[in-house]
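If you want the building blocks of each chain, they are given just below.
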Amino acid sequence: GSMDSCLMIWSMKPQMRAYRFVGHKDAVMCVQFSPSGHLVASGSRDKTVRLWIPSLKGESTVFKAHTATVRSVNFSSDGQSIVTASDDKTVKVWTVHRQKFLFSLSQHINWVRCARFSPDGRLIVSSSDDKTVKLWDKTSRECIHSFCEHAGFVNHVDFHPSGTCIAAAGTDSTVKLWDVRMNRLLQHYQGNSVVNSLSFHPSGNYLVTASNDSTLKILDLLEGRLLYTLHGHQGPATCVAFSRSGDLFASGGSDEQVMVWKTNFDADYGDALKTQKSGSTVDGCHHTGSEMDSGIHHKKTRTQDSGRNHEQQEVEASLANTLEHIMGQLDVLTQTVSILEQRLTLTEDKLKECLENQQKIIQNKTN
């Protein structure tokens, strides 16, 4: 979605054309595919929500109930409902099948930036310019808790894939994770720039953020530390999201660029899923508590075997993993350097054009 009021859908297959959908009357603020991939929802500054069929025709249905800009759209995991957030200070829930408005959640006292369903669809979380994150019960339609630890506007919020904790980010340059069962702060990451968006890796072990300083940051939630800082955008990075498989993530920015990145984490998704079967503790300087039974777990340590062959196999496997990790980091650096070279070339061309124009102006004045 873009400020040009259009929706663009690209195919990841080489040489496949992109679809451009026209319908919104103002800037498109948010876009999301349904879980099945058969529908796309979008929200706009024109105060409407549209439900699109991603085909050549680009047909859409308009949902009207908000009275101000729609900042966020999100499908429930079963694809039957949509939750939206708006500058009219409300969160609204809609039915996809009947294509109509169901109910509003109205306790925020300023613009609502983001709203998300929990993985099981029973809870809704929302973030607002009133500096709060609110947790709602979808059935009773009541606010069951407000998290008030942010010192600025809360731009984005999302559920951990386990559904037991949430992450939020905002203008105070922080990312905070809370346990939604105990309603307590689990992790706190302090940055140096406004954080606009975040996304959990499907394994739940990593988090990617997009910031005003043009960077993307990968956080390792197992170790409670910053893993990578990625440079590529030429201006604020406004949105970021992992693919459903977790092997890719995409980012968008005010530089009118959409970038697709390949993940190179040292543990693959399959291994990460296995580790979620057992609980453990997390020890990191960013954590406010040591116990974390919230779907974020440490990797299992292997038991040592006294036999030489087993030890040798472990050493070889460790070396192979380390080498693969280093190669992955080099791959990221290579991509970043390539992007920076392109930006430098564009800057040089613009500078050359400016100098030529300046010379022409001087010549015209002398003549």
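Nothing here was measured: the structure is a model prediction, and the numbers come from that model. Counting of residues starts from 1 at the beginning of each chain's written sequence and follows it residue by residue. With pLDDT at 70 or above as the cut-off, local features in this predicted model cover only qualifying residues; side-chain atom pairs require 80 or more to be listed or tallied, and sums for whole chains, interfaces and linings still use all residues. The basis for the side-chain values is all heavy atoms of the structure; hydrogens and waters are excluded.

Enquirer: Account for the overall build of the protein, with residues named and values stated.
Expert: Secondary structure elements are defined from DSSP: runs of H or I of at least 4 residues count as helices, runs of E of at least 2 residues count as strands, and each element is numbered from the N terminus. Along its length, the protein carries 2 helices and 25 strands. Burial statistics for the protein: of 367 residues in total, 46% are counted as buried. Taking all contacts inside the protein whose residues are at least 6 apart in sequence as the whole, residues at least 24 apart take part in 41%. Note on areas: Shrake-Rupley, 1.4 Å probe, and residue coverage restricted to the protein chains presented here. About 19500 Å² of surface is accessible on the protein, with carbon and sulfur atoms providing 51% of the total. The classification of residues rests on relative accessible area computed with a 1.4 Å probe and restricted to protein chains. Under 20% of the type maximum is buried, over 50% is exposed, and intermediate values are partly exposed. Only heavy atoms matter for contacts: two residues are in contact if any of them lie within 4.5 Å across the pair.

Enquirer: Report on the UniProt feature "repeat: WD" (unreviewed entry) in the protein, specifying residues and quantitative values.
Expert: UniProt positions are given in the numbering used here, feature names are shortened, and annotations may be inferred rather than shown by experiment. Here, UniProt's "repeat: WD" (unreviewed entry) annotation points to residues 21-52, 63-104, 105-146, 147-188, 195-229 and 230-262. Along residues 21-52 one finds 0% helix and 56% strand; the C-alpha atoms at either end are 9 Å apart. The span residues 195-229 is 0% helical and 66% strand by assignment, and the distance between its end C-alpha atoms comes to 13 Å.

Enquirer: Kindly report on the environment of S118, identifying the contributing residues and their values.
Expert: Turning to its location among the elements, S118 is positioned in the loop between strand 11 (112-117) and strand 12 (123-128). When its relative accessible area of 3% is taken as the criterion, S118 is described as buried. Taking the C-alpha atoms as reference points, S118 and L135, 17 residues apart in sequence, are found 9.9 Å from one another. Non-local contacts of S118, meaning those with residues more than four positions away in its chain, are made with L123 and F159.

Enquirer: Outline the nonpolar core, supporting the account with residue identities and numerical values.
Expert: Buried Ala, Val, Leu, Ile, Met, Phe, Trp, Tyr and Cys residues that are joined via side-chain atoms within 4.5 Å together make up what is termed a nonpolar core. Grouped together as the largest cluster of nonpolar side chains are 15 residues, with contacts concentrated most on V208, L216, I218, L230, F249 and F265. In this view, L216 contacts V208, T209, A210, Y228, T229, L230, A237, V240, F249, S251 and W261; residues no more than four positions away in its chain are not counted. In terms of nonpolar packing, the next biggest core, distinct from the first, is built from 14 residues, C114, L123, V157 and A168 among them.

Enquirer: Mind laying out the pattern of salt bridges, listing which residues take part and the relevant values?
Expert: A pair is scored as a salt bridge if a Lys or Arg side-chain nitrogen falls within 4 Å of a carboxyl oxygen belonging to Asp or Glu. Scanning the entire structure with this criterion turns up 6 salt bridges. R122 is the salt-bridge partner of D120, the closest N and O atoms lying 3.0 Å from each other. D120 gets classed as partly exposed once you look at its relative accessible area, which sits at 48%. Linking K217 and D213 is a salt bridge whose minimum nitrogen-to-oxygen distance equals 3.4 Å. Using a relative accessible area of 16% as the deciding quantity, one classes K217 as buried.

Enquirer: Help me get a handle on the packing of aromatic side chains, residues and values and all.
Expert: Here the distance between the centres and the angle between the planes together describe a pair of aromatic rings. Each aromatic pair joins two rings of Phe, Tyr and Trp (for Trp, the six-membered one) with centres within 6.5 Å, and gets the label stacked for planes under 30 degrees apart, edge-to-face for over 60, and tilted for any other angle. In this structure the tally under the stated criterion is 6 aromatic pairs. Ring geometry for F63 versus W94: centroids 5.4 Å apart, planes at 35°, classification tilted. Pair noted here: F63 is in strand 6 (residues 60-64) and W94 is in strand 9 (residues 91-95), with a separation of 31 residues, a long-range link. Of the two residues, F63 and W94, neither departs from the other in class, the shared state being buried.

Enquirer: An account of a nonpolar patch on the surface is requested, with residue identities and associated values reported.
Expert: Surface patches are defined over residues having more than 30% relative accessible area and no salt bridge, joining like charges when they lie within 9 Å and nonpolar side chains (Val, Leu, Ile, Met, Phe, Trp, Tyr) when within 5 Å. Taken together, the side chains of M8, W10 and V258 define a hydrophobic patch exposed on the protein surface, amounting to about 310 Å² of accessible area. Mapped onto the elements, V258 comes out in strand 25 (residues 258-262).

Enquirer: Can you tell me about the environment of T164, naming the residues and giving the values?
Expert: Of note, T164 is situated in the loop between strand 15 (154-159) and strand 16 (165-170). Along the chain, T164 and R181 lie 17 residues apart, while their C-alpha atoms are 6.6 Å from each other.

Enquirer: Talk me through the sheet that holds strand 23 (residues 237-242); I want residue IDs and the actual numbers.
Expert: Hydrogen bonds between backbone groups are what pair the strands of a sheet, and the pairing can be parallel or antiparallel. Strand pairing follows a simple DSSP-based rule, namely that at least 2 bridges must link the two strands. The 3 strands are arranged 23-24-25 in an open sheet whose pairing can be described as antiparallel. Lying at the two open borders of the sheet, with one neighbouring strand each, are strand 23 and strand 25. With strand direction ignored, the average angle separating the axes of adjacent strands in the sheet is 20°. Here 5 bridges tie strand 23 to strand 24 (residues 248-253), and the two strands are oriented antiparallel to one another. Following the sheet pairing, F242 is matched in strand 24 by F249. Lines fitted to the C-alpha atoms define the axes, with helices restricted to the stretch that makes contact. Angles between their N-to-C directions range from 0 to 180 degrees.

Enquirer: Run through the confidence of the model for the protein, naming residues and quoting values.
Expert: For the protein, mean pLDDT is 82; residues scoring 70 or higher make up 81% of the total. The model gives residues 269-294 a pLDDT under 50, and that stretch makes 64 contacts with residues more than four places away or in other chains. Every residue in residues 297-306 scores below 50 in pLDDT, and together they form 28 contacts with partners more than four places removed in sequence or on other chains. pLDDT: the predictor's confidence for each residue, scored from 0 to 100.

Enquirer: Kindly report on unusual backbone geometry, identifying the contributing residues and their values.
Expert: You will see that K89, though not glycine, has its phi angle at about 75°, which is positive. Tracing the backbone shows K89 in the loop between strand 8 (81-86) and strand 9. The backbone phi angle of K131 is positive, close to 70°, even though this residue is not glycine. Residue class for K131 comes out partly exposed when judged on its relative accessible area of 37%.

Enquirer: Can you break down the state of the cysteines residue by residue, with the values?
Expert: Only a pair of cysteine sulfur atoms within 2.5 Å counts as a disulfide in this structure description. Taken as a whole, this structure holds 0 disulfides when the rule is applied. Among the cysteines around C143, which has no disulfide bond, C148 carries the closest sulfur, lying 9.1 Å off.

Enquirer: An account of the pairing of strand 8 is requested, with residue identities and associated values reported.
Expert: Of all the 6 residues making up strand 8, 6 are buried; the element is thus mostly covered by neighbouring parts of the structure. Neither face of strand 8 is open: one carries S81, V83 and A85, the other I82, T84 and S86, and all of them are buried. The pairing of strand 7 (residues 70-75) with strand 8 spans 5 bridges and is antiparallel. In the strand pairing of strand 8, V73 is matched with T84.

Enquirer: Residues and numbers for the sheet that holds strand 3 (residues 28-33), please.
Expert: Ordered in space as 3-4-5-6, the 4 strands form an open sheet in which the pairing is antiparallel. The open sheet terminates on both sides in strands that have one partner only, identified here as strand 3 and strand 6. Each adjacent strand pair in this sheet contributes to an overall mean axis angle of 20°, direction not counted.

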